Amino acid sequence: MHVASYDLLSTAVLFLGSDGRIEHANTAAEELFSMSRRQLAGLCAQRLFDTDSALADRLPDAIAGKFGILRQDLMIERWGRQEAISLAIVPLHQQPWAALAEVRVIEHHILLDRHQQLSNELTAQRESLRNLAHEVKNPLGGLRGAAQLLDAELGNDALREYTQVIIEEADRLAGLVDRLISPQGSSLQKSWFNIHEACERVHTLLSVEFPAITFTRDYDASVPELLGDFSRLFQALLNIARNAAQILTESPQEETPHLILRTRVGRQLLLSGHQAKMGLIVSVVDNGPGVPPALQDKIFHPLVTGRASGTGLGLSLAQEFVQQHGGIVAFDTQPGHTEFRMILPLEHV
Ligand SMILES: Nc1ncnc2c1ncn2[C@@H]1O[C@H](COP(=O)(O)OP(=O)(O)OP(=O)(O)O)[C@@H](O)[C@H]1O
Ligand SMILES: [Mg+2]
């Protein structure tokens, strides 16, 4: 297709050189970015999408065709506002340009629908798991009690080994059942606190548990106090950060394992079902191998795990606790750089 034909499209298209610079832009792109072709030409495509640092870092590889077609949703600034867009980088072969970038603004209602659907799915899954857990709980208690009675009656130590196995396994299962049931219904114990208290506590715990990891705390001192349930938000952050620490120590890697706890105040944030004028972003960044591609879509679902000893409840609970505060947990991942963000609205400020 000749460049001029792209001007007829309603989708914004940027033509990129192998160095990532914009060489041409169609009319829709001029409108979308409110910049003329001349202003866009020569600009590094990374600059247009720099709100998402993980994407900006991946852009050169995407242009070189390492990911096939790279698709990603992100927020960009437009007329001083944040807007959700869907970006596709299409590498080209034997063409005057190295790649095409196709940019579409995502209609607000589509975005909300998507979030809503995910949130509904998770709620339904948790619900059925909890019902199952309740069903398991009573017979489990009976089993354990009977094993205990039997244990007391047995004179033979060799046989008591078996009753001990029953009791221990019943306890392990009861622990899992309790974790599945726990957050249901009970209302939030709200108080005012500074999120850095939670960060510091997570840091203290993990630096003892994982001495091989280098921790960096990068706090924004201007972060205002938050009204919320401290223990749930602390638990959410701990679950997220412990995952990163576990991955860093369990998988062999060349670089020194490094974990960053970062806080920032963000504006115009996209949350589940709504937008917040102002919010708190707590990021946990690790330089581990990244979330396996096969898990990426379902990582927040209960009982989904990539670890041999994992139960797959950590992130599902973290997401639930953060959503109870009107927020959301999101992540970006690639080998060497994974970032989980806990985004909490600060509507009352
Ligand atoms: N920072 C990370 N880097 C790479 N993979 C991750 C990261 N965080 C989570 N994951 C993947 O997501 C999976 C699900 O995490 P989740 O915390 O829900 O469960 P778990 O850690 O396996 O078990 P549990 O937390 O219940 O002990 C993990 O098993 C791991 O495969
Ligand atoms: Mg976990």
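Numbering of residues starts from 1 in each chain and follows the order in which that chain's sequence is written. Just so you know, chain letters begin at A and ligand numbers begin at 1, following the order they were written in. Since the coordinates come from a predicted model, pLDDT governs what is reported: local features require at least 70, and pairs of side-chain atoms require 80 or more to be given and counted, while whole-chain, interface and lining totals use all residues.

A few words on the environment of Lys298. Comment: elements are numbered from the N terminus, with helices defined as DSSP H or I runs of at least four residues and strands as E runs of at least two. Counting through the fold element by element, Lys298 comes out in the loop between strand 10 (274-286) and helix 10 (314-323). Assessed through the 13 C-beta atoms surrounding it within 10 Å, Lys298 is described here as partly exposed. To sort residues by exposure, count the other C-beta atoms lying within 10 Å of each residue's C-beta; 20 or more gives buried, 12 or fewer gives exposed, and values between give partly exposed, all with C-beta atoms placed from the backbone.

Looking now at the site of ligand 1. Lining the immediate environment of ligand 1, one finds 22 residues, of which Thr305, Gly306, Gly310, Gly314 and Leu315 sit closest. Listing elements by their share of the shell around ligand 1, those giving two or more residues are helix 9 (230-250) and helix 10. With four residues, helix 9 is the largest single contributor of residues to the shell around ligand 1. Note on residue classes: Ala, Val, Leu, Ile, Met, Phe, Trp, Tyr, Cys and Pro are nonpolar, Asp, Glu, Lys and Arg are charged, and everything else, Gly too, is polar. A class-by-class count of the residues in the shell around ligand 1 yields eight nonpolar, twelve polar and two charged. Think of it this way: take the backbone, place a C-beta atom on it, and check whether that atom is within 6 Å of the molecule or strand, in which case the residue is near it.

Our focus in this paragraph is the environment of Arg144. Within the secondary structure, Arg144 sits in helix 6 (residues 108-153). Overall, the presence of 18 C-beta atoms within 10 Å leaves Arg144 in the partly exposed class. When the C-alpha positions of Arg144 and Leu154 are compared, they lie 15 Å apart, and in sequence the two are ten residues distant. What Arg144 contacts, discounting residues up to four positions off in sequence, is Ile167 and Ala170. We call two residues in contact whenever the C-beta atoms placed from their backbones are within 7 Å.

The buried fraction of strand 12 (residues 337-345) is high, at seven of nine residues. When DSSP finds two or more bridges between a pair of strands, those strands are recorded as paired. Pairing analysis gives seven bridges linking strand 11 (residues 328-334) to strand 12, with the strands arranged antiparallel. The residue of strand 12 that forms the bridge with Thr333 is Thr338. Linkage of strand 11 to strand 12, two consecutive antiparallel strands, is achieved through a turn of two residues, within which Gly336 is found at a positive phi near 90°.

Between its first and last C-alpha, helix 7 (residues 157-181) extends 36 Å over 25 residues, near the 36 Å set by a 1.5 Å rise per residue. Listing the buried residues of helix 7 in full gives Ala170, Val177 and Leu180. Any helix carries an expected span of 1.5 Å times its number of residues minus one.

Attention now goes to the nonpolar core. Joined through C-beta atoms within 7 Å, a set of buried Ala, Val, Leu, Ile, Met, Phe, Trp, Tyr and Cys residues constitutes a nonpolar core. Among the nonpolar cores identified, the biggest contains 37 residues, and Leu237, Ile240, Ala241 and Met342 are the most heavily contacted of them. The set of elements that each furnish at least two residues to this core consists of helix 8 (195-209), helix 9, strand 9 (258-271), strand 10, helix 10, strand 11 and strand 12. Broken down by element, the residue count for this core peaks at nine residues, all from helix 9. Every residue in contact with Leu237, bar those within four places of it in the chain, is listed here: Ala198, Cys199, Val202, Val282 and Met342. By size, the runner-up hydrophobic cluster in this structure holds 27 residues, among which are Val13, Leu14, Phe15 and Leu40.

Below, the discussion takes up the packing of helix 9 against helix 10. It is the contact of helix 9 with helix 10, at a shortest axis distance of 8 Å, that shows an interaxial angle of 145°. Viewed along their axes, helix 9 and helix 10 form a crossing whose handedness is left-handed. Contacts from Arg232, Leu233, Gln235, Ala236, Asn239, Ile240, Arg242 and Asn243 of helix 9 reach helix 10 at Gly314, Leu315, Leu317, Ala318, Phe321 and Val322. Residues of the contact of helix 9 with helix 10, tallied by class, amount to eight nonpolar, four polar and two charged. Every axis in this analysis is a line fitted to C-alpha atoms, fitted for helices over the stretch in contact. Angles between the N-to-C directions lie between 0 and 180 degrees. For any pair of crossing helices, the crossing counts as left-handed if the nearer helix is rotated counterclockwise from the farther one by less than a right angle, and right-handed if it is rotated clockwise.

Strand order in the open sheet made by the five strands is 2-1-5-4-3, with antiparallel pairing throughout. With partners counted over all chains shown, the strands left at the sheet margins are strand 2 (22-25) and strand 3 (70-78), one partner each. Taking each pair of neighbouring strands and ignoring which way they run, the sheet shows an average axis angle of 30°. Across nine bridges, the pairing between strand 3 and strand 4 (residues 81-91) is antiparallel. Within strand 4, the residue paired with Gln72 across the bridge is Leu87.

To continue, consider unusual backbone geometry. Backbone geometry at Ser34 places phi at a positive 40°, although glycine is not the residue there. Inspection of the secondary structure puts Ser34 in the loop between helix 2 (27-33) and helix 3 (37-40). For Gln94, which is not glycine, the phi torsion reads 50° and is therefore positive. Residue position: Gln94 is located in the loop between strand 4 and strand 5 (99-105). A residue is classified by how many C-beta atoms lie within 10 Å of it, and Gln94, with 4 of them, is exposed.

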